Amino acid sequence: MIELIINPTAGNGYAAQIGKEIEHLLTQRKIPYTSHLTKHPGHATELAREAAARGASTVISIGGDGTLTETAAGLCGTSASLGVIPAGTGNDFVKTIGTPKDWRAAMEFILSHPARPVDTGVANDRFFLNVCGTGFDVMVLDYAESAKKHARGIWPYLYGVLRAIAAFKPIPMHIEIGSETVLDGNYMICSIGNGRYIGGGIPITPLADVIDGQFELLVVDAVPRWRIPFYLPSLMMGTLYKRKPAHRYLASRCVLSSPHMRMNLDGEIFPMPDTRFECQSGSLLLHW
C-alpha cells in the first residue's frame, strides 16, 4: 500500500495540484493508495508514523523540504520506505539524491526502484535530513522568508544573501568536532551537512555523502563585512571549502555552543545555544 502525504500550501499551492495528478495516475494504474493532507506543522511526521504502523510499504512526500523532513522523521527506523516528489520552494535535498524534478519522472522512479538506506541526523532531540547551520545562513533565511511569496527556487535566497551581508555580525562559538578537534573563535558560517544544498541550490557542503555515516562540516572564520561579497562566487560554485579562512571536516558527531545561538535545521530556525549533532547511519529507507 502506498500512502501520500501532501502539503497543500507548499510551493504556493503547487504541491496540492501535483497531488491530484498523482492520485489520478495511481487510480488509472489500479495501484492501491491512501492520501492525506497536512494541516499544521509537524502533522506530516504524525501521518508518516501512523502509516508505518499500519504497514504501508511506501510513503510519498509531496511538498518542499519541510514536508520531506517531517515525513522522514516519522519513517526513520521503520520498515516503510520514503519516496519524494519535489513540489516546494527550494527542493534542496533531492538535488543531493538525484530525484527527477518532473513529478511524473519522480513518480516513475519511486515505482520502479527499490529503496536503499541513507543516513539521517539528530540535533539534540530534533531530527534533520539535509543541512543544519548557524551564522550567515540563518540571517539569509530570515530575509528570504518574506521573498518566498513572490518567487521560487534560488531567487528568495539571493535576496536574503544581499540583505544579510549588510547586517551580518560575527558569531562567537565553541565547536567540538568528533573527539579531537576543538575550535574557539568568531565565525561567519558553521554548516553541518548530511545533504549538500541549501537555499534552492547553494552547495554549502558539496562533498557530503548520505551513506558514509558522517557529516561534512564547513567552518568559515569571521571576516570584515566588506569582504563577504568576495566569497559569494565560491559559495555558489561549491568551492568555498577550498578558500581561506574556510575549514572542512568529516565527523559522525559534533557540538556547537554560543550564547543566544539560533540554529537552522533543514530550513527551520530554533534557538539552540548548545547543540549536539549525531549521525544516524543507514536509519531511513529512501527511493533514490
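Look up a bit, the structure's there.
Residues numbered from 1 in each chain as written. Predicted model: local features only at pLDDT ≥ 70, side-chain atom pairs only at ≥ 80, totals over all residues. Heavy atoms only, no water.

**Things to note about helix α2 (residues 43-54)**
Between the first and last C-alpha of α2 there are 17 Å, a value that for 12 residues agrees with the 16 Å anticipated at 1.5 Å per step. Residues of α2 that are buried include every one of H43, A44, T45, L47, A48, A51 and A52, and no others. Count one or two residues on from α2 and you reach G55, which has phi positive near 95°. (Helix = DSSP H or I, 4+ residues; strand = E, 2+ residues; numbered from the N terminus. Expected span 1.5 Å × (residues − 1). Buried < 20%, exposed > 50% of the residue type's maximum accessible area, 1.4 Å probe, protein only.)

**As for helix α1 (residues 14-28)**
Helix length check: α1, at 15 residues, gives a terminal C-alpha distance of 22 Å against a target of 21 Å (1.5 Å per residue), a fit within 8%. In the core, the buried residues of α1 are packed alongside β1 (2-6), β2 (33-37), β3 (58-63), β4 (81-86) and α5 (103-112). K30 sits one or two residues past α1 and shows a positive phi near 60°. (Contact = heavy atoms within 4.5 Å.)

**Some words on empty space enclosed by the protein**
With a probe scaled to a water molecule rolled over the atoms, the places where space remains empty come into view. Inspection of the entire model under this criterion finds three cavities of 30 Å³ or more. If you add up the space inside the largest cavity, you get close to 50 Å³. Looking at the largest cavity, the residues that line it are F136, M188, I189, I228, Y231, L232, L235 and L240. Residue classes in the lining of the largest cavity are distributed as eight nonpolar, no polar and no charged. Approximately 40 Å³ is the volume attributed to the second largest cavity. Lining the second largest cavity, in full, are S61, G63, G64, D65, L68, V84, I85, P86, N91 and V94. Of all the elements in the fold, those that place two or more residues in the lining of the second largest cavity are β3, α3 (65-75) and β4. Sorting elements by how many residues they give to the lining of the second largest cavity places β4 first, with three residues. (1 Å grid on protein atoms, 1.4 Å probe; cavity = no way out; pocket = protein on both sides within 12 Å on 5 of 7 lines; lining within 4 Å. Points joined across faces, edges and corners; volume = space filled by probe spheres on them. Nonpolar A, V, L, I, M, F, W, Y, C, P; charged D, E, K, R; others polar.)

**So, the pattern of salt bridges**
Enumeration according to the criterion identifies five salt bridges in this entry. A salt bridge links D92 to K95; its shortest N-O distance comes to 4.0 Å. With a closest N to O distance of 2.8 Å, R248 and E216 form a salt bridge. Note that R248 is positioned in strand β13 (residues 246-251) and E216 in strand β12 (residues 215-221), a separation of 32 residues in sequence. (Salt bridge = Lys/Arg side-chain N within 4 Å of Asp/Glu carboxyl O.)

**Remarks on the side chain of T120**
Within the fold, T120 resides in strand β5 (residues 116-123). Here the side chain of T120 touches S283 through a polar contact of 2.6 Å, side chain to side chain. For T120, the contacting residues outside a window of four places in its chain are C76, F127, F128, L129, N194, F215, E278, C279, Q280, S283 and L284. (Polar contact = N/O pair within 3.5 Å; in protein donor to acceptor, adjacent residues only side chain to side chain.)

**Observations concerning the packing of aromatic side chains**
Applying the stated criterion across every chain, the model contains four aromatic pairs. Taking the centre distance of 5.9 Å and the plane angle of 80° together, the rings of F128 and F277 count as edge-to-face. Of this pair, F128 sits in strand β6 (residues 126-128) while F277 sits in strand β17 (residues 274-286); the two residues are 149 residues apart in sequence, bridging distant segments of the chain. Side by side, F128 and F277 carry an identical accessibility label, which is buried. Ring centres 5.8 Å apart and planes at 70° place the aromatic pair F136 and F168 in the edge-to-face group. Here F136 is found in helix α6 (residues 136-147), whereas its partner F168 is found in the loop between α7 (155-167) and β8 (171-177), with 32 residues between them in sequence. For the pair F136 and F168, a shared accessibility class is recorded, and that class is buried. Three or more aromatic residues joined by ring pairs form one cluster here, namely F128, F215 and F277. Cation over ring: R126 sits above F270, and NZ or CZ is 3.8 Å from the ring centre. In this arrangement the basic side chain of R243 is found over the ring face of Y231, its NZ or CZ atom lying 4.5 Å from the centre. (Phe/Tyr/Trp six-rings, centres within 6.5 Å; stacked < 30°, edge-to-face > 60°. Lys NZ or Arg CZ within 6 Å of the ring centre and 35° of its normal.)

**Considerations on the nonpolar core**
In terms of nonpolar packing, the biggest core is built from 24 residues, with L75, L82, F93, L129, L284 and L286 touching the most fellow members. Breaking this core down by element, the ones donating at least two residues are α2, α3, β4, α4 (93-97) and β17. Counting residues per element, this core draws most heavily on α2, at five residues. Leave out the neighbours within four places in its chain, and F93 touches D65, L68, L129, N130, G195, V210 and L286. If you look at the next biggest cluster of nonpolar residues, it comprises 23 residues, including I175, A251, M261 and M263. (Core = buried A, V, L, I, M, F, W, Y, C linked by side-chain atoms within 4.5 Å.)

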